[in-house]
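Remarks on the overall topology
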Amino acid sequence: MKTMHLRLLSLGLLTFLTGVVVAQDTSPTIETRDERLEWWRQAKFGMFVHWGIYSTVGGEYKGQKLPNSAEWMMARGKIPIAEYEKYAAQFNPTQFDATEFVGLAKQAGMKYLVITAKHHDGFAMFDSKANPFNVVDATPFGRDIMKELAEACQEQGLRFGFYYSQAQDWHHPGGFGNSWDKSIQRVSSDEYVMEKAVPEVKQLLTEYGPIGIFWWDTPRKMSRESFDALHSLTKLQPNVITNDRLGEDYRGDYKTFERQIPPHAPGEDDWEVCMPISGSWGYKKGDSDFKSTTTLVRNLIDIASKGGNYLLNVSPTGKGTLLPEAVERLQGVGQWMDVNSESIYGTSASPLPKLDWGRCTAKTVDGKTILYLHVFDWPSAGKLLVPGIQNEVQTARLLADGSTLTAKSTEDGVELTLPNEAPDDIASVIEMKIDGVLEVAVQLPTPDANGNLVLTADAGYIHNNEGSRQADIRFHSDIPHIGYWVDDQAWVEWNINIDQPGRYEVSATLSVEKEKTRLGFGIAGELKTVEMMSTGGYGNYVDRPLGTIDIDQSGQTSFRIKPDAGHWQPINLRSVTLKRVNESK
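Let us look at the structure shown here. (Residues numbered from 1 in each chain as written. Predicted model: local features only at pLDDT ≥ 70, side-chain atom pairs only at ≥ 80, totals over all residues. Heavy atoms only, no water.)

The sheet built from five strands is open, its strands ordered 19-22-27-24-25 with antiparallel pairing. Bordering the open sheet on either side are strand 19 (461-463) and strand 25 (528-533), each of which pairs with just one other strand. On average, each strand axis in the sheet is inclined to that of its neighbour by 25°, with strand direction left out of account. Two elements, strand 22 (residues 491-498) and strand 27 (residues 555-563), share seven bridges in a ladder whose sense is antiparallel. What sits directly across from N497, in strand 27, is Q556. (Pairing = 2+ DSSP bridges. Helix = DSSP H or I, 4+ residues; strand = E, 2+ residues; numbered from the N terminus. Axes fitted to C-alpha atoms, helices over the stretch in contact; angles between N-to-C directions.)

Right, here's the structure in full:
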């Protein structure tokens, strides 16, 4: 296992990185996080691509349709490594055309593309120098797909990024996740990271030109040395941005929400929603659960109205092409964007209260505020109330044809007079310019005058893991709770605003069926652990104290409930209450 070489790597990482030249990336170094994120904040819309050797059989194993997304077939089918490797010999996507593929993303209005360079199965979709289990050495296709896509993105003006599964690797004896193949001669996670992950990430960040995004996935409890070794590599591309899935103490540049759109704008952090265009991330035979063009466009609008980005996933087949349903949806989104893209690109979250008829995005240009009103439900009476605006309206017009609309100020806001017919069945957009600047103020949950803050289940965001049963919002006696929480890697968070630092007592309304369970609670990076005894059943809810936490600073923070892996039994969680018991000195 090249032990001596490994030791040199782990003890001398800085030396390992010194002198590396990123020959293909000659762009000036950007010093601040805000500058690095500027293009991404403007872009709003990107393409995610899950592709691997599992696509040759569409996620089916021995005639069985396996559960979950296709890229999890090795785990769900408990396929031995030696048997799974045979799929590489079948991978020959001769119809793949990187220029055409990137062109479709551009046609849809997407500004960046992120693709799985290595997923949990350990197969590298690039010419890995550290791993012969790769698309060049192990397949009849023999071409570096990542290289071709990187070049096509540069030619067509899209930013390019890599997804990399840094902890889970079912092919390497030191990777996390493979519990079924008993032939594995186990080595440490550190050995896997230093022997495979570090060299591969280094290669991806040095041989493929400018990399806009490095997208980590499924963090596990690796050593600090391994985390630092991987994190340090991003310095090879000083302008790259990263998501928040490397590890607990590595926040990255933006938060990632998977499959679900947060119910409320999650505060000041930069964030994105990644979501498959159909049911599965990777190509899966029989997957007909394609979202409609209307749903995709309205998802994009909803996310932009809350200040986020939309990373929409597609899944190429074993031939290297997308299914006709995916192509049709992307082209449909592109047609809407051709008319209305200015209401998405470069916008910020809505400053308005909740809108019954649609969503709003905003821009500030030359000291003036522009609101883009996305009307989902066109009023039959021809009148649209935009609530809460006291400013005078300079102009209002439809983006579809530029026609001017009449605006009248009322006590409740601005009333617009509209034509009888909506110009767009998906979302008709009205551009409204107003005098003065409206501040975009995200209203986060804040303790009341008595220092009490109640966080309900339906106001939190559940971070699920692909490949496991999804915890979600359920109901008992018409009261929402987080249920089916069987995955000890799934967790929930609430973005909150603390007006006064201090010590807070934390309690929860929950039910526990098994004898006991253990969980962590607290603000990000400072979780405490508590053991909860059975409440007598999932339907028997009780109020239980969890303990106290100290919050030293006012402002936005994240409160979290996380299972204690290895000591977790499922719970149903209705709410968490924070009660301030004293102010910090």
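And the narrative resumes.
All told, the structure shown has 25 aromatic pairs when counted by the stated rule. One cation-aromatic arrangement involves K147 over Y208; the distance from NZ or CZ to the ring centre is 4.5 Å. Stacked on the ring of W491, the Lys or Arg K562 has its end atom at 4.5 Å from the ring centre. (Phe/Tyr/Trp six-rings, centres within 6.5 Å; stacked < 30°, edge-to-face > 60°. Lys NZ or Arg CZ within 6 Å of the ring centre and 35° of its normal.)

Moving on, we come to the side chain of D302. Locating D302 in the fold gives a position in helix 10 (residues 293-305). According to the relative accessible area criterion, D302 is buried, its value standing at 10%. Aside from chain neighbours lying at most four places away, what touches D302 is I261 and R359. (Buried < 20%, exposed > 50% of the residue type's maximum accessible area, 1.4 Å probe, protein only. Contact = heavy atoms within 4.5 Å.)

What follows deals with the environment of M532. Within the secondary structure, M532 is located in strand 25. Overall, the relative accessible area of 3% leaves M532 in the buried class. Sequence separation between M532 and Q569 is 37 residues, and the spatial gap between their C-alpha atoms is 9.6 Å.

With that settled, the discussion passes to the environment of S226. Its location among the elements puts S226 in helix 9 (residues 224-233). Measuring from C-alpha to C-alpha, the distance between S226 and E191 comes to 9.0 Å, with 35 residues separating the pair along the chain. Leaving out residues up to four positions away in the same chain, S226 has contacts with D190, V193 and M194.

Right, let's talk about helix 7 (residues 145-156) for a bit. Across its twelve residues, helix 7 extends 17 Å between first and last C-alpha, which sits within 8% of the 16 Å expected from 1.5 Å per residue. Every buried residue of helix 7 is accounted for by I145, M146, L149, A150, A152, C153 and Q156. One face of helix 7 carries all of its buried residues, which in axial projection span an arc of 165°. For helix 7, the secondary structure elements touched by its buried residues are helix 6 (98-107), strand 4 (112-118) and strand 5 (159-165). N-capping of helix 7 is provided by D144, with a side-chain oxygen placed 3.1 Å from the backbone N of M146. Once helix 7 finishes, G157 follows within two positions and takes phi at roughly 85°, a positive value. (Expected span 1.5 Å × (residues − 1). Arc of directions from axis to C-beta. Polar contact = N/O pair within 3.5 Å; in protein donor to acceptor, adjacent residues only side chain to side chain.)

Attention now goes to helix 8 (residues 189-204). A bend of about 35° at A197 is the largest found in helix 8, and the proline P199 appears one to four places after it. Judged by how many residues are buried, helix 8 sits mostly within the fold: twelve of 16 residues are covered. Those residues of helix 8 that fall on the buried side of the exposure criterion are S189, E191, Y192, V193, M194, K196, A197, V198, E200, V201, Q203 and L204. (Bend = angle between axes of the 7 residues up to and from the residue.)

There is about 1300 Å³ of room inside the largest pocket. Every residue lining the largest pocket is counted, 49 residues in all, and those nearest its centre are G247, E248, W491, R560 and K562. Take the lining of the largest pocket: its biggest share by element is six residues, from strand 27. Among the residues making up the lining of the largest pocket, the classes are represented as 13 nonpolar, 16 polar and 20 charged. (1 Å grid on protein atoms, 1.4 Å probe; cavity = no way out; pocket = protein on both sides within 12 Å on 5 of 7 lines; lining within 4 Å. Points joined across faces, edges and corners; volume = space filled by probe spheres on them. Nonpolar A, V, L, I, M, F, W, Y, C, P; charged D, E, K, R; others polar.)

Put simply, helix 8 and helix 9 touch, their axes get as near as 10 Å, and they point 5° apart. It follows from the interaxial angle that helix 8 and helix 9 lie roughly parallel. On helix 9, the residues that touch D190, V193, M194, A197, V198, V201 and K202 of helix 8 are E225, S226, A229, L230 and L233. Along the lines of polarity and charge, the residues of the contact of helix 8 with helix 9 split into eight nonpolar, one polar and three charged. (Parallel < 35°, antiparallel > 145°, perpendicular 65-115°, else oblique.)

A separate point is the sheet that holds strand 5. On the basis of which strands lie adjacent, the open sheet formed by eight strands has the order 7-6-5-4-1-10-9-8 and parallel pairing. Two strands lie at the open edges of the sheet, namely strand 7 (241-242) and strand 8 (255-258), each paired on one side alone. Pairing between strand 8 and strand 9 (residues 271-276): four bridges, direction parallel. Across the sheet, the residue bridging to E258 is C274, located in strand 9.

Quick look at the nonpolar core now. Counting residues in each nonpolar core, the largest one holds 104 residues, and the members touching the most others are I145, M146, L149 and L330. Here this core gets seven residues from one element, more than from any other, and that element is helix 8. Apart from the residues lying within four places of it in its own chain, the contact partners of L330 are M47, L104, A108, M110, I277, L312, V314 and L322. Within the second largest apolar cluster, 32 residues are counted, among which are L455, V506, A508 and F521. (Core = buried A, V, L, I, M, F, W, Y, C linked by side-chain atoms within 4.5 Å.)

Burial analysis of strand 9 places six of its six residues in the buried class, the great majority of the element. Because side chains alternate across strand 9, one face comprises the buried residues W271, V273 and M275, and the other comprises E272, C274 and P276, equally buried. What joins strand 9 to strand 10 (residues 309-314) is helix 10, and the crossover it makes is right-handed. (Right-handed = clockwise from strand over helix to strand, strands pointing away.)

Moving on, we come to the pattern of salt bridges. Evaluated as defined, the whole model comprises 32 salt bridges. For K306, the salt bridge identified is with D302, shortest N-O distance 3.3 Å. Judged on exposure class, the residue K306 and its partner D302 are both buried. Residues joined in a network through salt bridges with shared partners are R33, D34, R36, R41, D253 and D270. (Salt bridge = Lys/Arg side-chain N within 4 Å of Asp/Glu carboxyl O.)

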